[in-house]
Amino acid sequence: MPEERGGSPRTLAEALRARDDEELAALLRARPDLLSPVPNDVTQLATRAGTRASVVRALERLDRFTLQTAEALAVAPDPAPYGTLLALMAGDDGDADVETALPGALGVLRGQALVWGADDRLRLVRTARELLAPSPARPSPTGLGPTVTEATTGMSPGRLQEIVAAAGLPTTHDPVSAVASLTSLFTDRSRMAALLDTAPSDALAVLDRLVWGPPYGEVTADPTPPVRWLRDRGLLLPASPRTVVLPREVALHLRAGRAHRAPEPVPPAVTSAAEYGPQAVDSAAAGQAYTALTTVEDLLKDWHEGGPAVLRAGGLAVRDLKRTAAALDTSEQLAAFWIELAYAAGLLASDGEAEERYAPTPAYDEWLELPTAERWGDLAVAWLTATRTPGLVGSQDAKGRTLSVLGPDLDRSAAVEVRRRVLELAAELPHGTAPSPESLLSRLRWERPLRGDAAGSTKDLRARVAAWTLSEAELLGVTGRGALSTHGRALLGGEGPGAGGTGEGPGAEGTLADRRARAVKSLAPLLPEPLDHVLLQADLTAVAPGPLDRPLAETLAVLAEIESKGGATVYRFTPGSVRRALDAGMAASDVHAFLTTHSRTPVPQPLSYLVDDVARRHGHLRIGAASAYVRCDDDALLGEILADKRSQGLGLRRLAPTVLAAQSDPGTLLEGLRTMGYAPAAESAEGDVVITRAHARRTPPRTPPAPVPEGPPVPDGTLLGAAVKAIRAGDMAASVVRKPAADEGRPQAGELPRTSSAETLATVQAAALTGSAVWIGYVNAEGAASQRVIAPVRVEGGFVTAFDHTADEVRTYPLHRITGVAELADDAP
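These notes cover the structure that comes with them. (Residues numbered from 1 in each chain as written. Predicted model: local features only at pLDDT ≥ 70, side-chain atom pairs only at ≥ 80, totals over all residues. Heavy atoms only, no water.)

### Here we look at the overall build of the protein chain
Scanning the protein chain from terminus to terminus reveals 33 helices and 25 strands. A compact globule built from 829 residues should have a C-alpha radius of gyration of about 28 Å, whereas the protein chain, at 39 Å, is more than 25% larger. Expressed as lengths along the three principal axes of its C-alpha atoms, the size of the protein chain is roughly 130 × 90 × 55 Å. The 829 residues of the protein chain split such that 47% are buried. Considering only contacts within the protein chain whose residues lie at least 6 apart along the sequence, 65% involve residues at least 24 apart. Roughly 38600 Å² of accessible area belongs to the protein chain as shown, and the carbon and sulfur atoms make up 53% of that amount. (Helix = DSSP H or I, 4+ residues; strand = E, 2+ residues; numbered from the N terminus. Rg over C-alpha atoms; globule rule 2.2 N^0.38 Å. Buried < 20%, exposed > 50% of the residue type's maximum accessible area, 1.4 Å probe, protein only. Contact = heavy atoms within 4.5 Å. Areas by Shrake-Rupley, 256 points an atom, 1.4 Å probe, with all protein chains shown as cover.)

### Points about the sheet that holds strand 14 (residues 561–564)
Strand order in this open sheet of four strands is 12-13-15-14, and the pairing throughout is antiparallel. A single partner strand is all that each edge strand has here, and the edge strands are strand 12 (535–537) and strand 14. In this sheet, neighbouring strand axes are inclined to one another by 30° on average, regardless of whether the strands run parallel or antiparallel. Pairing of strand 12 with strand 13 (residues 541–544) involves three bridges; the strand directions are antiparallel. Within the sheet, the bridge partner assigned to Gln-537 lies in strand 13 and is Thr-541. (Pairing = 2+ DSSP bridges. Axes fitted to C-alpha atoms, helices over the stretch in contact; angles between N-to-C directions.)

### Section: unusual backbone geometry
Here the residue pair Ser-36 and Pro-37 is connected by a cis peptide bond, since its omega of -10° sits within 30 degrees of zero. Relative to the helices and strands, Pro-37 is located in the loop between helix 2 (21–30) and helix 3 (42–49). Going from Gly-213 to Pro-214, the amide bond is cis rather than trans, its omega being -5°.

### Quick look at the sheet that holds strand 21 (residues 774–779)
Taken in spatial order, the five strands make up an open sheet running 24-23-22-21-25, and their pairing is antiparallel. Pairing within the sheet leaves two strands with one partner each, and these edge strands are strand 24 (809–814) and strand 25 (818–823). Neighbour-to-neighbour, the strand axes of the sheet open up by a mean angle of 45°, direction not taken into account. As paired strands, strand 22 (residues 785–796) and strand 23 (residues 799–804) are joined by six bridges and run antiparallel to one another.

### Some thoughts on the packing of aromatic side chains
Under the defined criterion, the tally for this structure stands at four aromatic pairs. Arranged with centres 6.3 Å apart and planes meeting at 25°, the rings of Trp-303 and Tyr-358 form a pair that is stacked. Taken as a pair, Trp-303 in the loop between helix 16 (278–302) and helix 17 (318–328) and Tyr-358 in strand 8 (residues 358–360) lie far apart in primary sequence, 55 residues in all. In this structure, Trp-303 and Tyr-358 share a single accessibility class: buried. One cation-aromatic arrangement involves Arg-375 over Trp-367; the distance from NZ or CZ to the ring centre is 5.3 Å. (Phe/Tyr/Trp six-rings, centres within 6.5 Å; stacked < 30°, edge-to-face > 60°. Lys NZ or Arg CZ within 6 Å of the ring centre and 35° of its normal.)

### Describing the pairing of strand 14
In this structure, strand 14 lies alongside strand 15 (residues 569–572), joined through three bridges in antiparallel fashion. Considered in strand 15, the bridge of Ile-562 is made with Tyr-571. In textbook terms, the turn of a hairpin is the stretch between consecutive antiparallel strands, and for strand 14 and strand 15 this stretch comprises four residues, one of which, Gly-566, has a positive phi near 150°.

The structure is reproduced here in structure tokens:
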């Protein structure tokens with residue numbers, strides 16, 4: 001197992017200083033918060049690694065067994081030999097799995113600077129011990145109580161001697177030896193067994209209730225005989241006037257030496273819920289991926305002319321969410337997911353106007369022009385990296401406010417890690433195998449026991465995000481029938497086209513763009529090819545047997561109403577839909593040509609009659625602004641309209657044989673006459689027919705929402721290398737030995753040198769001539785002081801140019817900012 005080199009260090013700083021650069025880089029990678037900012041030296045690194053906030057963050061990222069190891073060290077003697085730790089974890093009877101896994105867990109704790117020291121003197125960082133050790137206010141996760149020494153602190157010497165005598169031990173002359181004698185008894189398995197053999201059965205039942213924790217129990221002023229028997233012999237010790245506690249040594253004897261009831265050295269396996277053929281999984285996932293694209297398109301088409309208003313507090317109103325869900329023919333929770341997905345992909349945003357509304361962004365138009373698989377790739381990447389969690393919509397925050405779609409409080413920084421980990425665990429199963437959700441959640445709780453409720457309550461955010469991930473991955477087509485698809489594996493960095501056939505796992509190297517490209521390449525052959533035709537039927541319907549080319553689909557959506565969706569889309573032609581096409585600028589001949597070109601079946605006669613009939617009446621009446629008027633060459637038709645009782649609300653009167661004036665505005669008049677069964681057309685001030693098309697509303701260019709990171713980002717190799725180099729150089733500058741001046745003693749390590757300006761100039765000039773290094777104190781423009789070892793190259797104009805060993809580069813320093821300079825001692829490195 002790993003062991004600190006160079007004997008047993010005296011401090012954590014010494015232990016870190018003994019590590020090589022690779023080990024220091026591994027520590028900074030595992031605990032990136034230690035890099036904010038980069039520590040000046042190893043001592044500062046060790047200090048920062050022991051702060052409460054940093055230790056809590058590190059403990060939260062430990063798996064269950066590694067955390068159990070830290071908990072065992074917190075109740076072990078300080079320092080503890082490896083054998084003592086193993087005994088606490090494996091118990092008196094031993095445990096092969098624990099013995100195998102313990103070196104690895106201890107290596108993780110050492111690597112993250114939570115444990116230091118050689119195998120014979122293992123020390124848990126003091127802050128971690130304070131967090132994990134038992135106390136009356138915060139019981140230990142092990143369920144153990146205080147030691148005999150801790151529990152008897154403040155007890156009278158006479159009472160201690162009474163306990164020693166009742167336990168059958170010889171009395172002593174002082175409390176220290178009495179406590180030591182009692183501790184020796186409780187840790188001796190044979191003598192302790194003999195003592196418990198004399199205990200009443202009711203007393204043993206009391207111990208059984210306390211042995212696995214909590215170790216505290218309430219007693220009355222006149223305790224029962226079993227409790228009195230235990231208290232007299234020190235098997236229960238007073239914690240307060242009304243409370244007793246089970247000493248740690250007694251509990252460990254009753255537990256057969258185990259610190260935990262059930263050590264978990266082996267992670268729970270993710271089991272299979274169902275198995276399918278890989279091809280069936282990929283086909284199902286591809287079909288769902290296409291459905292996801294059409295759903296997002298339908299959403300943004302619905303908001304094409306401007307979506308719902310933005311609430312004053314941000315987000316979407318409940319009524320607007322309900323209306324959108326009805327338009328998409330789905331539930332409100334799923335509608336929230338699609339809206340948030342479009343927002344995360346940068347396809348949807350608020351327009352920023354005074355009356356702020358949601359609308360598609362200019363990126364949406366560019367997205368529509370991409371190939372189908374590329375469009376799916378954009379949505380999948382946005383989902384995989386988003387910290388917004390639409391599953392929270394409808395729940396309440398800590399202040400009792402309801403969380404809304406697109407609102408400001410849906411970001412959860414842990415969502416990205418959980419989402420990716422769920423998919424990685426699914427990727428560990430064979431192709432075509434769907435994971436069991438229960439086993440998957442158990443594995444997640446084992447990997448991060450401090451990040452949620454181990455009992456799996458509904459308040460466990462990680463468990464809920466994992467459940468949402470499974471359903472959202474299915475909706476998006478990352479999984480099919482619950483199993484991870486081939487393109488889903490490629491998105492994670494696993495197998496896929498272009499992966500080199502190496503069978504690399506889910507944690508494989510590669511940028512997100514590379515993984516997206518492989519996923520798109522895997523999905524593209526599975527998606528259906530767009531069709532350029534429909535099947536016209538005699539009942540005034542058209543059947544699209546698959547996805548249609550975009551121009552065909554857009555024109556058909558204007559010319560007919562969508563009646564049903566699914567594997568095949570059914571369109572129905574109605575007088576209103578045909579009139580809508582004519583209003584958009586199509587002529588009857590254009591409609592006939594379109595139907596003939598794109599139908600694989602002959603155009604049914606009823607459909608031709610419908611188009612001709614609507615076209616014959618379309619535009620026969622003309623409406624313009626007078627405030628409004630009706631113009632028609634057929635004065636008899638105008639007389640018919642005037643005589644119709646339904647036209648009374650429009651305020652019509654005849655101005656001329658072919659013109660009627662109205663008190664209503666043109667839009668109301670147009671709609672009113674259409675309701676009466678006429679087919680009027682609007683005209684401009686010049687007398688031309690006004691072509692009415694949907695007005696596309698777009699927001700100004702918007703960037704997608706940035707994910708909210710969970711703590712500092714993991715540093716890359718370049719940053720780690722530079723940080724380690726800076727820490728090493730700062731450590732050298734802080735600990736370098738310098739020659740004392742004639743009027744001073746040997747300086748303390750870390751103390752800035754102080755010399756006059758003349759002495760500073762003379763020393764650096766001499767060092768530049770001889771090529772030697774010197775030690776300086778330097779204060780930068782922000783007032784921050786630091787120590788540096790430099791080799792001066794040139795001194796002129798009030799500046800010294802030197803190679804800075806601390807920064808490992810050539811720098812120029814103003815002489816007036818150098819507090820002092822000293823030569824290095826002859827034995828300095």
